[in-house]
Amino acid sequence: MSAPLFSFAGVTGGYGATTVVRAVDGEVAAGEACCVLGRNGVGKTTLMRLLTGHLPLQSGAVTFGGRPMDGLAPDERHGLGLIYCPQDRPVFDNLSVRENLTLMASADADRYAPLLAAFPILEDRMAQSAGTLSGGERKILSFVRGAAETGRLLLLDEPSEGVQQENVERMAAFLHEAKAAGRALLIVEQNLAFALEIADRVIVMDHGEVVLAGNAADMTEATLAAHMHV
Amino acid sequence: MQKIYKPISRRHFVAGALGSGAAVAAPAILTGAQAAGELKMATFYALSGPGSLFGPTQTAVTKLAVDEINAGGGIGGRKVTVIPSDGGAPPAEAAKAAIRLMLRDKVDIVVGSHDSAVREAIVAALKGRVPYVYTPLYEGGECNPNVFVTADTPQQQVQPSITWLAKTLGAKSYYLIGNDYVWPRKTNEQAKKYIAAAGGKVVGEEYVPLGAPNKFEDAVTRIKAKKPDLVVITLVGGDNINFNRTFAGFGLDKSIKRISYLLEEQTLAGIGDKSSNGLYSAMSYFENEKSEANAKFKAAYRKAAGAKAPPLAMIGVDTYGGVNCAKALIEKAGGTDAAKLMAAASNLNYRTPTGTGVMTNRHVVKDMYLAECKGTSFDIVETFKAVAHGQTCS
Amino acid sequence: MDPILTTNILNVVYEVSTLAVVVLGLAVVFGLLGVMNLAHGEFVMIGAYCAFFVQTQNLPFLAAVPVALLVCIVLGLAVERILVRPLYARPFDTLLATWGLSMLLREGVEAVYGRGFKSVAVPLTDSIDVLGADYPSYRLLLAAVSIALVAGLVWWFVRSATGRRIRAVVNNPELAGSVGIPVTALARNTFVFGCCLAALSGVLLAPLMPVQPMLGLDFILKSFFVLVVGGLGSLVGLISGSGVIGGVESIVSAFFDRTYGYTTVLIIAILFLWLRPNGLFPRT
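Residues numbered from 1 in each chain as written. Chains lettered and ligands numbered in written order. Predicted model: local features only at pLDDT ≥ 70, side-chain atom pairs only at ≥ 80, totals over all residues.

1. Notes on the overall build of chain A
Then comes step 1: Helix and strand counts for chain A stand at nine helices and ten strands.
Then comes step 2: The principal-axis extents of the C-alpha atoms in chain A amount to approximately 45 × 40 × 35 Å.
Then comes step 3: At a minimum sequence separation of 6, the contacts of chain A that also span at least 24 residues come to 67%. (Helix = DSSP H or I, 4+ residues; strand = E, 2+ residues; numbered from the N terminus. Contact = placed C-beta atoms within 7 Å.)

2. Regarding the overall build of chain C
Then comes step 1: Within chain C one finds eleven helices and two strands.
Then comes step 2: Reading chain C from its N terminus to its C terminus gives the helix and strand order α-α-α-α-β-β-α-α-α-α-α-α-α.
Then comes step 3: Once the C-alpha set of chain C is aligned to its principal axes, its extents read approximately 60 × 45 × 35 Å.
Then comes step 4: Across the 284 residues of chain C, 56% fall into the buried class.
Then comes step 5: Of the contacts made within chain C by residues no fewer than 6 positions apart, 76% connect residues no fewer than 24 positions apart. (Buried ≥ 20, exposed ≤ 12 C-beta atoms within 10 Å, placed from the backbone.)

3. Digging into the sheet that holds strand β3 (residues 33-37) of chain A
Residues and elements named next belong to chain A.
Then comes step 1: With mixed pairing, the six strands of this open sheet are ordered in space as β6-β7-β8-β3-β9-β10. The sheet is open, and its two edges are formed by β6 (82-85) and β10 (209-215), each paired on a single side. The sheet shows a mean angle of 15° between the axes of neighbouring strands, taken without regard to direction.
Then comes step 2: Examined bridge by bridge, strand β7 (residues 153-157) and strand β8 (residues 184-188) share five bridges and lie parallel to one another. Looking at β8, one finds that Leu156 is bridged to Ile187.
Then comes step 3: With respect to the sheet, helix α1 (residues 44-52) is in contact with β3, β6, β7, β8 and β9 (201-206), its orientation differing from that of β7 by roughly 150°.
Then comes step 4: Lying over the sheet, helix α9 (residues 221-228) contacts β3, β9 and β10, oriented at roughly 30° with respect to β9. (Pairing = 2+ DSSP bridges. Axes fitted to C-alpha atoms, helices over the stretch in contact; angles between N-to-C directions.)

4. A short note on unusual backbone geometry
Then comes step 1: Backbone geometry places Glu158 of chain A, a non-glycine residue, at a positive phi of 50°.
Then comes step 2: Within the secondary structure, Glu158 of chain A is located in the loop between β7 and α7 (165-180).
Then comes step 3: Looking at Glu158 of chain A, the number of C-beta atoms within 10 Å reads 22, which means it is buried.
Then comes step 4: Positive phi outside glycine occurs at Asn58 of chain C, with the angle close to 60°.
Then comes step 5: Inspection of the secondary structure assignment puts Asn58 of chain C in the loop between α2 (40-56) and α3 (64-84).

5. Things to note about the interface of chain A and chain C
Then comes step 1: Residue-level contacts link 17 residues of chain A with 17 residues of chain C.
Then comes step 2: Each residue belonging to the side of chain A that touches chain C can be placed in one class, and the counts come to eight nonpolar, five polar and four charged. (Nonpolar A, V, L, I, M, F, W, Y, C, P; charged D, E, K, R; others polar.)

6. Overview of the packing of α3 of chain C against helix α4 (residues 91-113) of chain C
All names here are of chain C.
Then comes step 1: Here α3 crosses α4 at 135°, and the two axes come no closer than 11 Å. Relative to α4, α3 is oriented oblique. For α3 against α4, the interelement crossing comes out right-handed. Along the contact surface, α3 presents Val79, Leu83 and Val84, while α4 presents Thr94, Ala97, Thr98 and Leu101. (Parallel < 35°, antiparallel > 145°, perpendicular 65-115°, else oblique. Left-handed = near helix turned anticlockwise from the far one by under 90°.)

7. Details of helix α1 (residues 3-33) of chain C
Residues and elements named next belong to chain C.
Then comes step 1: Across its 31 residues, α1 extends 45 Å between first and last C-alpha, which sits within 8% of the 45 Å expected from 1.5 Å per residue.
Then comes step 2: Residue Val23 marks the point of greatest curvature in α1, where the axis turns by about 30°.
Then comes step 3: The positive-phi residue at the C-terminal boundary of α1 is Gly34, with phi of around 65°. (Expected span 1.5 Å × (residues − 1). Bend = angle between axes of the 7 residues up to and from the residue.)

8. Thoughts on the packing of helix α9 (residues 215-230) of chain C against helix α10 (residues 235-255) of chain C
All names here are of chain C.
Then comes step 1: Direction vectors running N to C along α9 and α10 enclose 120°, while the axes themselves pass 7 Å from each other. α9 and α10 meet at a crossing whose hand is right-handed. Of α10, the residues touching α9 (which contributes Lys222, Phe225, Val226, Leu227, Val229 and Gly230) are Gly237, Leu238, Ser240, Gly241, Ser242, Val244 and Ile245.
Then comes step 2: A class-by-class count of the residues in the contact of α9 with α10 yields seven nonpolar, five polar and one charged.

9. A word on the interface of chain B and chain C
Then comes step 1: Listed per partner, the contact involves 26 residues of chain B and 28 residues of chain C.
Then comes step 2: Where the side of chain B that touches chain C is concerned, the elements lending two or more residues are β7 (201-208), α8 (217-226), α9 (237-249) and α10 (265-271) of chain B.
Then comes step 3: Within the side of chain B that touches chain C, the residues separate by chemical class into ten nonpolar, ten polar and six charged.

10. Observations concerning the sheet that holds strand β5 (residues 147-149) of chain B
All names here are of chain B.
Then comes step 1: What the five strands build is an open sheet, ordered β2-β1-β3-β4-β5; its pairing is parallel. If you trace the sheet from one side to the other, it starts and ends with β2 (80-86) and β5, each paired once. Here the strands of the sheet are splayed against their neighbours by 20° on average, with no regard to which way each runs.
Then comes step 2: Looking at chain direction, strand β4 (residues 132-134) and β5 are connected through three bridges and run parallel. Across the sheet, residue Val133 finds its bridge partner in β5, namely Phe148.
Then comes step 3: Strands β1 (39-45), β2 and β3 (109-113) of the sheet are contacted by helix α3 (residues 55-71), whose axis makes an angle of about 165° with β2.
Then comes step 4: Set on the sheet, helix α4 (residues 91-103) makes contact with β1, β2 and β3; between it and β2 the angle comes to about 155°.

11. A closer look at the environment of Glu205 of chain B
Residue and element names in this part refer to chain B.
Then comes step 1: Mapped onto the fold, Glu205 is located in strand β7.
Then comes step 2: On the basis of neighbour count, Glu205 is assigned to the partly exposed category, with 16 C-beta atoms found within 10 Å.
Then comes step 3: In this structure, the C-alpha to C-alpha distance between Glu205 and Pro91, residues 114 residues apart in sequence, is 30 Å.
Then comes step 4: Apart from residues no more than four positions distant in its own chain, Glu205 is found in contact with Leu176 and Asn188.

Shown next, in the form of structure tokens:
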């Protein structure tokens, strides 16, 4: 197997002097999906923010495409192909749906056509301000924006949160397509069924540390579920 | 005497501002004993604050006066040394400095050119124990003991100039505009008196706050509506510049004359040649005054202060008369005893840049000039000889 | 129409529009960066001195515009890098730092030009007949340029891609970085842009005020009143704030006098701080 597209080792960090995430390792290869699982508040989102450059690492290293990421700002990582859809406040509330999609690119119809066809709810709300969408609709908008980008790595923080089941299934279909196209996926999820549907590898976190990691195929749903619930 | 000194030594301990030896040395002052030798002259000029524009001229002119005095043998045989302080400081700071100068430096005389708030603070600090000569133009009324005023008073500025303008220009209606503090209001009191005496009428009077970022579009529009013959301006500094530029900008200079009572060479430079048409000023000094005395004064100043000498303007040149008044006072009184100085101040003659000043009632009867602005220089159109100061200090 | 009334109306338009341009730079910087630049008035002052400098070199008045922009780009870049960027998200420290900077700039200009009043010649000295009222051409032109500048900026902010990205950064800075908006560069450019707007208004206003090192202080206070009334949220707030503060002051001054004008503005500002602290158009 070739060197993984994205890897991180000993990732430790948090807010100010507080450490939330301790010594987390992981990797994702091209065409592969890795899911980060765990209960609420175990540091999954903090891990994502550390990996995307929104929080500084206290220690550890992040490598993307063979290149160390230290000192690179979020927009520079984006430029290298690291696409991130955050969990909280996933869209620009004060911009319209269309402006959210075309903020960084001209209105490239081809890019969004298949996604918009799959999620017609957005097409109907193009001129509406994104702040007026429901939580699930915002997640869909964020997903569409991220999925349409061409970067090789997609980091999704709870993409299915608040999203209706049929749309979650459509998301899963697009993610399979992305894998097939050779993109790497790192996904934080609470929806175990959705996670297992896509994941090749699984990382389970508790109290900011990795408590279980391995191939998804090797794990039983019951074992994972035990970690997800108190 | 003990009573007088107690609060001062307490202030010394609290503020810590005085030299450590001052309180111990203080009683030496009480004896009034004066060592022969140098004569210490403290000066309060605007070294900081809005007036500091004038500080360089005040300092350079004083240096000229002192050098001339020392070259001629000093004051009563004593060489003069100048100890400068900041007259642009807040009044409380100036008062502290005055106390320090009196107790630690044991100065013989104080000369000041600064605003009235600082003057009042210094007068209160000195309590008449050190003679104090006050020199810039002011609102009048300073009669505290051992204080000698060489300044232009409103009576001197206003009476001859208004009378002349009313007659010469045929001005009937007047509009008064000034900053809102004591000098403009006192000056306008005089102005209204002489406007009435000349048969004129005040059609508007307004004051703008001192130190606020004033604009004058509204005032100029009001003046435009009232169409007065003459606008009497008692605005100072930046406001004076801003008003006159706005006035001319709205084209009012074509039909309405103006007289400003605090307009010297530096302010006129700020107003600029495009905005000075029909503008007059009345003071006891203009650089362009044509007397032989002034020619000599200017030549001596240029020689002493060099090519980059600060400009000669009324606020600054006033200190020349102040220093010479100090000399005349001390020599006539035979020392710095307060009672003797007060007596000496009556009918005291002293040297000014344009000739001789005569002190009566601790103010000065002097020649006043009315000048019309021509571009950024003054053209003296009338000289008023020996104008009374209108002060009644005993 | 009564020519005096016309003149008074034009005075109000002049005061409101020129005030809006000065506050614009301050508000843009605060809106995007959360940085209250207390040295904003000093950039106005530097712009005015650029106009004076150009005059001493016998160059045409308009040559002051590129000179002032150049000076303020260089200065703005340095200030952003050294002073503002290390202090993002520390608003109080930023206030202190920019206040210190304002003193430094005042002293610096004083060291070069002294404290004396400088006068910049008015480029247009004639007046134009507006509905029977003679009004100075330069003031009319200045009001027109100010209105055009504010309108142009609003249009650009709403319509351009960069304007959209700035709004995106204001709304959600974290997401903005993630979608690839160069947040640091955008913040830097915005700060420099704010400085340039201040300098530009300084150049344009220079012929109509006594140019001296302290003049910036006059602007910063009034700018705060505008932001207090208008709110920090939007250009609409800024324009309405300028309208209320500049308008009320000049209208009250026209009917009574300046003292009443200042007092009314102060009362309005206090009432807003008390009853409506987020202004007319609060930040969402």
